[in-house]
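Here are the chains, one letter per residue:
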Amino acid sequence: MKPLAIFGGTFDPVHIGHLTVAWEASELLDAEVRLMPSRTPPHRATPCASAEQRLAGLRAALAGQSRLTIDDREMRREGPSYTVDTLRELRAEQGDRPLVLLLGEDAFAGLPAWHEWRELFRLTHIGVLSRPGLSVVRSEILWREITERRVANPVVLSHCPAGAIVELRVTALEVSATRIRELLASGRDPRYLLPAGLFADPALLQPYRR
Ligand code: ATP
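Below is a summary of the structure that appears in this document. In this text the structure is predicted, and so the values were computed from the model without any measurement.

## Things to note about the site of the ligand
- Neighbouring residues of the ligand: 22 residues in total, closest His15, Arg44, Asp106, Ala177 and Thr178.
- Contact between the ligand and Thr178: an oxygen atom at 2.4 Å from a side-chain N or O atom of the residue.
- Take Arg181: an N or O atom from its side chain is 2.9 Å from an oxygen atom of the ligand.
- Look at the ligand: alone it shows 610 Å² of surface, and the protein chains cover 92% of it.
- Structurally, the ligand is housed in the largest pocket.
- At the level of elements, strand E1 (4-9), helix H1 (16-29), strand E4 (99-104), helix H5 (105-109) and helix H8 (177-185) are the ones that each hand at least two residues to the shell around the ligand.
- In terms of residue class, the shell around the ligand is built from 8 nonpolar, 10 polar and 4 charged.

Put into structure tokens, the structure is as follows:
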């Protein structure tokens, strides 16, 4: 069975960095990839756009292709969006199907601060996506977990349901939503850093303009 990969984020707004790495992860893992926007991210400031606006942006960005889909379950859940709760739900739904949590290098380095983080390895594999431009330091506690679990070949992940970590060499794009929000707030037009679908409806970028 093809693995199911989950790529969570605030997507405030979704940009070409997100889409490129999600797309390439789907190829490298031969997996179904779902983008999963979070309503109330526990580890960061409140997003600039509302949950509904961010979801509408994702829908517009993904129009016209079927490789990447949206799973909006965290948007429908009240309270903080803990990844471990989402993965428990997915595990109950998917039986023994391999699950892969996709994380950019920066998000992966922050993993030991997540709610019940060690439990994640019982529920899912982790695919770490290379991300340029950020200085990321992995703590010793994280390194210990990596050493035991690392596999080199992404295909190995399809042979068991959970527990491995693989580094996915995806095309490096130094793009962040922070930078895009700064550009929009200063009146600039980051036309080619964003998927074309976000320009189809002026309301989608309105929350970021001053
Ligand atoms: P912000 O700048 O607001 O923090 P962001 O661009 O990092 O946003 P998020 O929605 O916070 O985007 O990130 C969701 C996931 O996407 C995280 O795992 C993050 O590491 C990853 N990610 C975002 N941009 C890139 C990129 N250019 N390359 C690789 N991974 C990325």
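## Concerning the pairing of E1
- Relative to strand E2 (residues 32-37), E1 runs parallel, the two being bridged by 6 bridges. Its bridge partner lying in E2, Gly9 is registered against Pro37.
- Each parallel crossover has a hand, and for E1 linked through H1 to E2 it is right-handed.
- The pairing of E1 with E4 spans 4 bridges and is classified as parallel. Residue pairing for E4: Ile6 is matched across the bridge by Leu101.

## Here we look at the packing of aromatic side chains
- Under the criterion given, the structure shown has 2 aromatic pairs.
- Judged by centre distance (6.0 Å) and plane angle (75°), the ring pair of Phe7 and Phe11 falls under edge-to-face.
- Judged by centre distance (6.1 Å) and plane angle (75°), the rings of Trp117 and Phe121 are edge-to-face.
- Classification of Trp117 as buried rests on a relative accessible area of 8%.
- Stacked on the ring of Trp23, the Lys or Arg Arg67 has its end atom at 4.8 Å from the ring centre.

## What to know about the sheet that holds strand E5 (residues 125-129)
- Taking strand neighbours across the sheet as the criterion, the 6 strands line up as E3-E2-E1-E4-E5-E6 in an open arrangement whose pairing is parallel. Taken across any chain shown, the strands that pair with only one partner, and hence form the sheet edges, are strand E3 (68-70) and strand E6 (165-168). This sheet shows a mean twist of 30° between the axes of neighbouring strands, independent of strand direction.
- Strand direction decides the pairing type here: E2 and E3, joined by 3 bridges, are parallel. Residue pairing across strands places Arg34 opposite Thr69, the latter belonging to E3.
- Here helix H4 (residues 83-94) sits on the sheet and contacts E1, E2 and E4; the angle it forms with E4, its principal contact strand, is near 155°.

The rules behind these values
Residues numbered from 1 in each chain as written. Predicted model: local features only at pLDDT ≥ 70, side-chain atom pairs only at ≥ 80, totals over all residues. Heavy atoms only, no water. Near = heavy atom within 4 Å. Polar contact = N/O pair within 3.5 Å; in protein donor to acceptor, adjacent residues only side chain to side chain. Areas by Shrake-Rupley, 256 points an atom, 1.4 Å probe, with all protein chains shown as cover. 1 Å grid on protein atoms, 1.4 Å probe; cavity = no way out; pocket = protein on both sides within 12 Å on 5 of 7 lines; lining within 4 Å. Sits in = over half its atoms within 2 Å of the grid points. Helix = DSSP H or I, 4+ residues; strand = E, 2+ residues; numbered from the N terminus. Nonpolar A, V, L, I, M, F, W, Y, C, P; charged D, E, K, R; others polar. Pairing = 2+ DSSP bridges. Right-handed = clockwise from strand over helix to strand, strands pointing away. Phe/Tyr/Trp six-rings, centres within 6.5 Å; stacked < 30°, edge-to-face > 60°. Buried < 20%, exposed > 50% of the residue type's maximum accessible area, 1.4 Å probe, protein only. Lys NZ or Arg CZ within 6 Å of the ring centre and 35° of its normal. Axes fitted to C-alpha atoms, helices over the stretch in contact; angles between N-to-C directions. Contact = heavy atoms within 4.5 Å.

Note that all results are geometric; they support no functional claim without further evidence.
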